[in-house]
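Results of the structural survey
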Amino acid sequence: MIFSSRLIEDAVDAFSRLPGIGRKTALRMVLHLLKEDKDSVSRFSDTISRMRSDICFCPQCNNISDNGPCGICSDPLRNRTIVCVVENIRDVISIESTRQFNGLYHVLGGLLSPLDGIGPDQLQLSNLIGRLDQGGIEEIIMALNPTIEGDTTVYYISRQLRDFPVRITGIARGVSFGGELEYTDELTLARSIAKRLPVETYVNTENKN
């Protein structure tokens, strides 16, 4: 693309860095903003800047939060005996959209993947263990993507938690192997959580195959 304005080119470059946004789409966005009044564009940019500078992470579960514990952890109506372990914040949003889970969450921030340089030290596990030390948690649901990395992470965490008096379960395989929770329809995801199984059931089965 050849631009007559360096400012337009810089704006297109900035938008095209977003995932799934090519330069043509980025150009359409930039041209749309040019049609907006300056106050609207200023509010838009201020909102993005404030989000990035002021957002924080829940000290209990690592979910996003405006300040202190997130809305889920601070909700007195949530079932505090069940913690659902997920890979990232998008998975929290996906499960919450089903409206079928009323427990708490723990966001790992990734999955074990030696090829990508992600080892146990890169996962947010210490505060999960700290929560278990405090007592009151009866079940840990491993709601991780059904992939090799996901199953490896489930196995590793299960080994780390084996000394705690807690039931460890995994979502039922209504979610196909190799799929991602983010792209699973809400009904399938809800059924997978409702029909969860002890982790040993599907880990041992897959190891035999």
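Procedures and definitions
- Residues numbered from 1 in each chain as written.
- Predicted model: local features only at pLDDT ≥ 70, side-chain atom pairs only at ≥ 80, totals over all residues.
- Heavy atoms only, no water.
- Buried < 20%, exposed > 50% of the residue type's maximum accessible area, 1.4 Å probe, protein only.
- Helix = DSSP H or I, 4+ residues; strand = E, 2+ residues; numbered from the N terminus.
- Arc of directions from axis to C-beta.
- Contact = heavy atoms within 4.5 Å.
- Expected span 1.5 Å × (residues − 1).
- Pairing = 2+ DSSP bridges.
- Right-handed = clockwise from strand over helix to strand, strands pointing away.
- Salt bridge = Lys/Arg side-chain N within 4 Å of Asp/Glu carboxyl O.
- pLDDT = per-residue confidence, 0-100.
- Patch = residues over 30% accessible without salt bridge, like charges linked within 9 Å, V, L, I, M, F, W, Y side chains within 5 Å.
- Areas by Shrake-Rupley, 256 points an atom, 1.4 Å probe, with all protein chains shown as cover.

Thoughts on helix H5 (residues 126-134)
Of all the positions in H5, only Asn127, Leu128, Arg131 and Leu132 are classed as buried. For H5, the buried positions fall inside an angular range of 150 degrees around the axis, keeping them on one side. Among the exposed residues of H5, those oriented more than 90 degrees off its buried face are Ser126 and Asp133. Its buried side turned inward, H5 meets strand E3 (82-86), strand E4 (104-107) and strand E5 (139-142). Residue glycine 135 follows H5 closely and has a positive phi angle near 85 degrees.

A short note on helix H6 (residues 148-160)
Across its 13 residues, H6 extends 18 Å between first and last C-alpha, which sits within 8% of the 18 Å expected from 1.5 Å per residue. For H6, the set of buried residues is Gly150, Asp151, Thr153, Val154, Ile157 and Ser158. Each buried residue of H6 lies within a common arc of 160 degrees when the element is viewed along its axis, so the set occupies one face.

What to know about the pairing of strand E6 (residues 167-170)
In this structure, E5 lies alongside E6, joined through 4 bridges in parallel fashion. Each bridged residue has a counterpart across the sheet, and for isoleucine 141 the counterpart in E6 is threonine 169. At this point the chain moves from E5, through H6, to the parallel E6, and the crossover so formed is right-handed.

Here's the deal with the pattern of salt bridges
Counting across every chain of the model gives 4 salt bridges. With a shortest N-O distance of 2.5 Å, arginine 23 and aspartate 13 are connected by a salt bridge. A residue pair is termed long-range when its members are at least 10 positions apart, and arginine 23 in helix H2 (residues 23-35) and aspartate 13 in helix H1 (residues 6-16) qualify at 10 residues. We classify arginine 23 as partly exposed; its relative accessible area is 33%.

A short note on the confidence of the model for the protein chain
For the protein chain, mean pLDDT is 86; residues scoring 70 or higher make up 84% of the total. Low pLDDT, under 50, characterises residues 204-209; the stretch is placed with 3 contacts to residues that sit more than four places away or in other chains.

Examining a nonpolar patch on the surface
Taken together, the side chains of Phe44, Ile48 and Met51 make up a nonpolar region of the molecular surface, amounting to roughly 280 Å² of accessible area. The topology assignment puts isoleucine 48 in helix H3 (residues 38-54). Taking relative accessible area as the criterion, isoleucine 48 reaches 44% and is therefore assigned partly exposed.

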